[in-house]
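Spelled out from the first residue to the last, the chains are:
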Amino acid sequence: MNKYQEAMNSITSTFLYEEPVHFRKEHRNENLEYCETLDELVKKATPMKPNEETATSEFIDDHPITVMIYRCAKCGGRVHPFDGDLYCRHCGQALDWGDDQ
Ligand SMILES: [Zn+2]
């Protein structure tokens, strides 16, 4: 669990389950929406492994060159391990390159 998830879990349990005295029922749905919005942020900040695929980039002396292409698991945009992308340059998703880098 990263620090964002920890903060999110703490806030969610306070808002949704403990229902402090000052927390009014009519704001429940509103707060649920805020929690969902924060949850999006938590997911974005939690590194996801990019998807790998191979592509033929060019031919040299009639021999095709196969290269690895990496795509963001969230939006499918191209991401570049050798440029040191820590975040998807299309949607901002945090990337987990594992040991492949
Ligand atoms: Zn993306």
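Just so it is clear, the model here is predicted, and its values are computed rather than measured.

Draft legend 1. The sheet that holds strand E2 (residues 63-71), seen in detail. If you walk across this open sheet you meet the 3 strands as E1-E2-E3, and the pairing is antiparallel. On the outer flanks of this sheet lie strand E1 (51-60) and strand E3 (78-79), each paired with one strand and no other. One ladder, built from 2 bridges, connects E2 with E3; its direction is antiparallel. By the bridge assignment, arginine 71 is partnered in E3 with arginine 78.

Draft legend 2. Just the nonpolar core, in detail. Ranked by size, the top nonpolar core spans 5 residues in total: Tyr70, Cys72, Val79, Cys88 and Leu95. The residues touching tyrosine 70, leaving out its near neighbours within four places in the chain, are Pro50, Glu52, Val79 and Pro81.

Draft legend 3. Examining the confidence of the model for the protein more closely. Taken residue by residue, the protein gives an average pLDDT of 83. The fraction at 70 or more is 83%. Mean pLDDT per element in the protein: helix H1 (residues 3-18) is the minimum at 75, and E3 is the maximum at 95.

Draft legend 4. Quick peek at the pairing of E1. Little of E1 sits inside the fold, with 0 of its 10 residues counted as buried. With 9 bridges connecting them, E1 and E2 associate as antiparallel partners. Considered in E2, the bridge of isoleucine 60 is made with histidine 63.

Draft legend 5. Structural view of unusual backbone geometry. With a phi angle near 50 degrees, aspartate 61 is a residue other than glycine that sits in the positive phi range. What makes aspartate 61 exposed here is the crowd of 4 C-beta atoms within 10 Å. Although it is not a glycine, aspartate 62 sits at a positive phi angle of roughly 70 degrees. Residue position: aspartate 62 is located in the loop between E1 and E2. By C-beta crowding, aspartate 62 is classed as exposed, having 5 other C-beta atoms within 10 Å.

Calculation rules
- Residues numbered from 1 in each chain as written.
- Predicted model: local features only at pLDDT ≥ 70, side-chain atom pairs only at ≥ 80, totals over all residues.
- Pairing = 2+ DSSP bridges.
- Helix = DSSP H or I, 4+ residues; strand = E, 2+ residues; numbered from the N terminus.
- Core = buried A, V, L, I, M, F, W, Y, C linked by C-beta atoms within 7 Å.
- Buried ≥ 20, exposed ≤ 12 C-beta atoms within 10 Å, placed from the backbone.
- Contact = placed C-beta atoms within 7 Å.
- pLDDT = per-residue confidence, 0-100.

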